[in-house]
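Geometric and topological summary
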Amino acid sequence: MAQESPTFSPLYRQIKSLILQALESGEWRPGQVIPSEQELASRFSVSQGTVRKAIDEMAAENLLVRKQGKGTFVASHNDPRALFRFLRLVPMDGDLAHPQSVPMDCWRAKAGQEASRMLGIEQGEPIIIVRRLLRFAQKPVVIDEIYLPGEIFQGLTLEVLQSWNGSLYSLFETRFGLRMIRAQERIRAVAADRSTSETLRVQEGTPLLSVERVTYTYGDKPVEWRRGLYSTAEHFYLNELN
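What counts, and where the lines are drawn
Residues numbered from 1 in each chain as written. Predicted model: local features only at pLDDT ≥ 70, side-chain atom pairs only at ≥ 80, totals over all residues. Heavy atoms only, no water. Buried < 20%, exposed > 50% of the residue type's maximum accessible area, 1.4 Å probe, protein only. Helix = DSSP H or I, 4+ residues; strand = E, 2+ residues; numbered from the N terminus. Domains from an automatic or database assignment. Contact = heavy atoms within 4.5 Å. Salt bridge = Lys/Arg side-chain N within 4 Å of Asp/Glu carboxyl O. Arc of directions from axis to C-beta.

**Some points on helix α7 (residues 168-176)**
By the criterion of burial, α7 is predominantly enclosed, with seven of the nine residues buried. Of all the residues in α7, the buried ones are Leu168, Tyr169, Ser170, Leu171, Phe172, Glu173 and Phe176.

This is the structure in structure tokens:
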């Protein structure tokens, strides 16, 4: 029987993995500058070109941000430009004004079968559930129900959510040290039920987008599962493919 050959990772991918380990361990925090390419090349005993290729790939994946004349920084959810990376709902008039996040409820529960599967935790483990409304130009557009691992988000309350002036992900990063790296979404069309129609101020039966998302941090660990309902009367969902 033929044996499979071992798979070798290119050198720049190995360096990328080492940089990721440093990010995950908190050696360089979100918003902080990382060492120069020359310093990293010396640290890892490789050429600057190899380091540059690793950093280029990480910048393309929104893990790092290059700033001309300043250096390379760890990407942060506190950067205003990061908001629309995960929020893909765009007003038809093209005005990308920041939406207003309105926390409605926050409570502790035990993970059921679906939440445990989505979050990669044991059934019955503590979770926190958040309900919040997103308003664009004072109009309700998105209602989210968000499920979070209770062990990671200890101390998250409705009062904390209401007092935070920024995006949810910037709160998660600043208060809980959690950086959202990537997300997977499933989108389908649904009809607004009575409760949702009242919250979003649309007619019952109005078509809505149902957006279910699982968000991952370093190590491809799921740390958020959310189910959102989007009104698209004045907005569309934008996804750039490249």
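From this point, the narrative continues.
**Here's the deal with the domain arrangement of the protein chain**
What the domain assignment reports for the protein chain is domain 1 (9-72) and domain 2 (78-235). Just the C-alpha atoms count here: the centres of domain 1 and domain 2 sit 30 Å apart. Facing ten residues of domain 1, the contacting portion of domain 2 comprises eight residues. Joining domain 1 to domain 2, the criterion identifies zero salt bridges.

**Some details on helix α2 (residues 37-44)**
Within the sequence span of α2, burial applies to Glu37, Leu40, Ala41 and Phe44. Projected onto a plane normal to the axis of α2, the buried residues spread over an arc of 105 degrees and lie on a single side. Opposite the buried face of α2, by more than 90 degrees, sit the exposed residues Gln38 and Ser42. Among the structural elements, α1 (11-25), α3 (48-60) and β1 (64-67) are those in contact with the buried residues of α2. Backbone geometry just after α2 places serine 45 at a positive phi near 55 degrees.

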